[in-house]
Amino acid sequence: GNKDEIKEFDYDPSKVEIMVVDDDIVTRKLVGRWLTSSKYKIVACKTGVEAWKAIRKWTNEAKNKEITRMILSDVTMPELSGFKLLEWVMSDQNTKHIPIILMSAVHTSNTGKERSIQSGSQDFLVKPFTKQLLLHKIKTIMETIVSRSNRQISTMLRMQSKRR
């Protein structure tokens, strides 16, 4: 049944919004379908510029939303590359907490991966990749975020109980 599947997550995928940025419609649709079939919410963008506008919109929305956001972006795109988008996201106080996974069929050498990780991305996927691999990488990042925020909450609770 459906209930058993949710147990393997420490978080609720339906509270996770993933932006899929790729100028290739096939990748956008396929990855989008994989993610929605796993209960994730998705926002699809054709270009880095379109993605940046959507990310800015995210930051203007209420912060207290119970939604965790993540970006999955292709590297090679017209106007604004995935590397550049990553740079913009990382250099903005309001967005630098958003995890990003870059993906590429072109930058498959270690230099592409290294540049991606050094620039602040959480991970790097070489295309073509499988649904299993993508979902595993997202789950790993999400569980890290969840455990980090749980630690922060328990630390805050401990501090409060000490004050009393």
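Structure shown above.
One structure accompanies this document, and this report is about it.

Analysis parameters
Residues numbered from 1 in each chain as written. Predicted model: local features only at pLDDT ≥ 70, side-chain atom pairs only at ≥ 80, totals over all residues. Heavy atoms only, no water. Helix = DSSP H or I, 4+ residues; strand = E, 2+ residues; numbered from the N terminus. Rg over C-alpha atoms; globule rule 2.2 N^0.38 Å. Buried < 20%, exposed > 50% of the residue type's maximum accessible area, 1.4 Å probe, protein only. Contact = heavy atoms within 4.5 Å. Areas by Shrake-Rupley, 256 points an atom, 1.4 Å probe, with all protein chains shown as cover. Lys, Arg positive; Asp, Glu negative; His and termini not counted. Charge placed at Lys NZ, Arg CZ, Asp CG, Glu CD. Polar contact = N/O pair within 3.5 Å; in protein donor to acceptor, adjacent residues only side chain to side chain. 1 Å grid on protein atoms, 1.4 Å probe; cavity = no way out; pocket = protein on both sides within 12 Å on 5 of 7 lines; lining within 4 Å. Points joined across faces, edges and corners; volume = space filled by probe spheres on them. Nonpolar A, V, L, I, M, F, W, Y, C, P; charged D, E, K, R; others polar.

1. Section: the overall build of the chain
- Across its full length, the chain carries six helices and five strands.
- Reading the helices (α) and strands (β) of the chain from amino to carboxyl end gives α-β-α-β-α-β-α-β-α-β-α.
- For the chain, the C-alpha radius of gyration of 17 Å lies close to 15 Å, the compact-globule estimate for 164 residues.
- Its C-alpha atoms give the chain principal-axis dimensions of roughly 55 × 40 × 30 Å.
- With 164 residues in all, the chain has 40% of them scored as buried.
- For the chain, the share of sequence-separated contacts (at least 6 apart) that also reach a separation of at least 24 residues comes to 68%.
- Accessible surface for the chain amounts to roughly 9800 Å². Of this, 53% is attributable to carbon and sulfur atoms.
- Positive and negative charge centroids in the chain, built from 29 and 19 side chains respectively, lie 6 Å apart.

2. Considering the environment of F83
- With respect to the helices and strands, F83 occurs in helix α4 (residues 82-90).
- Separated by 10 residues in sequence, F83 and S73 have C-alpha atoms that sit 8.9 Å apart.

3. A few points about the side chain of D92
- Within the secondary structure, D92 sits in the loop between α4 and β4 (100-104).
- A distance of 2.7 Å separates a polar atom in the side chain of D92 from the backbone nitrogen of N94.
- Setting aside its immediate chain neighbours within four residues, D92 contacts W52 and R56.

4. Things to note about the side chain of D123
- Along the chain, the position of D123 falls in strand β5 (residues 123-126).
- Accessibility expressed as a relative area gives 19% for D123, which makes it buried.
- Leaving out residues up to four positions away in the same chain, D123 has contacts with I100, I101, L102, S116, I117 and K137.

5. Considerations on the layout of surface pockets
- The calculated volume of the largest pocket comes to roughly 940 Å³.
- Among the elements of the structure, α3 (48-60), β3 (68-74) and α6 (131-163) are those that each provide at least two residues to the lining of the largest pocket.
- Among the elements that make up the lining of the largest pocket, the one with the highest residue count is α6 (eight residues).
- Its residues assigned to classes, the lining of the largest pocket shows 12 nonpolar, nine polar and nine charged.

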